[in-house]
Amino acid sequence: MRKYLSSLAVATVLVAALCIGSARLSDRARALGSIVIYGSGANVAIGDFSSAEIMQAQSTIPLPGCVTSYSVVLGPNVGSPQYNIQWDFAYDDAGLPGIGIVSGSFHAEPNAVNYVTGFAPFCVDGWTKIWLILYADPQSTNYRYQWSGSSTNVYSNGSRCYSTNFAETWNCDAYDLAMSITSVEATSTPSATPTGATPTAT
């Protein structure tokens, strides 16, 4: 069990708005825009690196509103990794990934921007730091996906951490990983949806 995950019931207590557990927003919700972290020149492992299973996480401060989609830039695969990439959004806990918000998976396209939509939107107020965590199911030795980014700090409101022991501990450094998070304005209470909706990627 990954340490940073918790029940949505606990996470809901910490949310300033009403979007946890919803599938879509009202048609009255208005687009706010995206926070984009640009980075190039470096690729970090998601999957097996010398028999260690690597998880990657990038923190960011999205625009206040409801997060409805995100994208990540993946580099070339190493070997032939299998299965989807798993992902989690989590709140920040003293500079590390904390309580889980929402999770899912997507089919990874190497050397491409991977767009992920269709998950339950969640809302944050101003200056709320969150984490996007990517990881893979256990792979053969040295089979891994790669998340592209920069080996220097190019984004002042976040940082990169990685784990080699299934999130028991995290190591952080000056890398920033290429991603974007899109938010819309919450103008009404979102409708409820059953759990287990499958996110999609294009």
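About the cut-offs
- Residue positions are given per chain, counting from 1 as you read along its sequence in written order.
- At least 70 in pLDDT is required for a residue's local features to be given in this predicted model, at least 80 for side-chain atom pairs to be given and counted, and no such filter applies to totals for whole chains, interfaces and linings, which use all residues.
- Side-chain numbers come from the whole structure's heavy atoms, not from hydrogens or water.
- To qualify as a helix, a DSSP run of H or I must reach at least 4 residues; to qualify as a strand, a run of E must reach at least 2; elements of each kind are numbered from the N terminus.
- The cut-offs for exposure are 20% and 50% of the maximum accessible area for each residue type, with area from a 1.4 Å probe on protein chains only; residues under the lower value are buried, those over the upper are exposed, and the others partly exposed.
- Accessibility throughout is a Shrake-Rupley quantity obtained with a 1.4 Å probe, and a residue counts as covered only by protein chains that appear here.
- Scored from 0 to 100, pLDDT reflects the predictor's confidence in each residue.
- In this description, contact between two residues means that some pair of their heavy atoms is separated by no more than 4.5 Å.
- By this definition, two strands are paired if DSSP reports at least two bridges between them.
- The salt bridge criterion pairs a side-chain nitrogen of Lys or Arg with a carboxyl oxygen of Asp or Glu, the two atoms within 4 Å.
- Note on disulfides: each one is a pair of cysteine sulfur atoms within 2.5 Å.
- For this analysis, a nonpolar core means a set of buried residues of the types Ala, Val, Leu, Ile, Met, Phe, Trp, Tyr and Cys, connected via side-chain atoms within 4.5 Å.
- Whether two aromatic rings pair depends on their centres lying within 6.5 Å, for rings of Phe, Tyr and Trp, where Trp uses its six-membered ring; planes under 30 degrees apart make the pair stacked, over 60 edge-to-face, and the rest tilted.

Observations regarding the overall build of the protein
Within the protein one finds 1 helix and 17 strands. With 202 residues in all, the protein has 45% of them scored as buried. For the protein, the computed accessible surface area is about 9300 Å², with 53% contributed by carbon and sulfur atoms.

Here we look at the confidence of the model for the protein
Overall, the predicted model of the protein reaches an average pLDDT of 82, with 77% of residues at or above 70. Across residues 3-29, where pLDDT falls below 50, the model places 70 contacts with residues more than four positions away in sequence or in other chains. In this model, residues 188-202 is a region of pLDDT below 50 whose contacts with residues beyond four sequence positions or in other chains number 34 contacts.

Comments concerning the pairing of strand β11 (residues 144-150)
Taken across its 7 residues, β11 has 7 buried, putting it largely inside the fold. The side-chain alternation of β11 yields two buried faces, one formed by Arg 144, Gln 146, Ser 148 and Ser 150 and the other by Tyr 145, Trp 147 and Gly 149. With 6 bridges joining them, strand β3 (residues 42-49) and β11 adopt antiparallel strand pairing. If you follow Ala 42 over to β11, its bridge partner there is Gly 149. Sheet topology places β11 next to strand β14 (residues 176-177); 2 bridges connect them, and they run antiparallel. Following the sheet pairing, Ser 150 is matched in β14 by Asp 176.

Looking at the pattern of salt bridges
For the coordinates displayed, the defined rule picks out 1 salt bridge. With a closest N to O distance of 3.3 Å, Arg 160 and Asp 173 form a salt bridge. A residue pair is termed long-range when its members are at least 10 positions apart, and Arg 160 in strand β12 (residues 160-163) and Asp 173 in strand β13 (residues 171-173) qualify at 13 residues.

Focus: the state of the cysteines
Throughout the structure, instances matching the rule amount to 2 disulfides. The partner cysteine of Cys 66 in its disulfide is Cys 123, sulfur to sulfur 1.8 Å. Looking along the S-S bond of the Cys 66-Cys 123 disulfide, the torsion reads about 60 degrees, which is the right-handed sense. On the criterion of sequence distance, the pair formed by Cys 66 in strand β5 (residues 65-74) and Cys 123 in strand β9 (residues 122-124) is long-range, its members being 57 residues apart. Cys 66 gets classed as buried once you look at its relative accessible area, which sits at 0%.

Describing the nonpolar core
Counting residues in each nonpolar core, the largest one holds 31 residues, and the members touching the most others are Tyr 70, Trp 87, Phe 89, Phe 106 and Leu 134. Apart from residues lying up to four places away in sequence, Tyr 70 is in contact with Trp 87, Phe 89, Phe 106, Asn 114, Tyr 115, Val 116, Phe 119, Leu 132, Leu 134, Ser 180 and Ile 181.

Quick notes on the pairing of strand β10 (residues 130-136)
Extensive coverage of β10 is indicated by the burial of 7 of its 7 residues. Burial of the side chains of β10 extends over both faces: Ile 130, Leu 132, Leu 134 and Ala 136 are buried on one face and Trp 131, Ile 133 and Tyr 135 on the other. Note that strand β4 (residues 52-60) and β10 share 5 bridges and pair antiparallel. Counterpart to Ser 59 in the pairing with β10 is Trp 131.

Some words on the packing of aromatic side chains
Given two aromatic rings, their pairing is described by the distance between the two centres and the angle made by the two planes. Going through the model one piece at a time under the given rule, you end up with 7 aromatic pairs. With a centroid separation of 6.1 Å and 45 degrees between ring planes, the pair formed by Tyr 70 and Phe 119 is classed as tilted. With Tyr 70 in strand β5 and Phe 119 in the loop between β8 (112-117) and β9, the pair connects residues that are 49 residues apart, well separated along the chain. With relative accessibility at 2%, the residue Tyr 70 sits in the buried group. Centroid distance Trp 87 to Phe 89: 5.8 Å. Interplanar angle 70 degrees. Geometry classified as edge-to-face. In this pair, the class of Trp 87 matches that of Phe 89, namely buried. Cluster of aromatic residues (ring-pair linked, three or more members): Tyr 70, Trp 87, Phe 89, Phe 119 and Phe 122.

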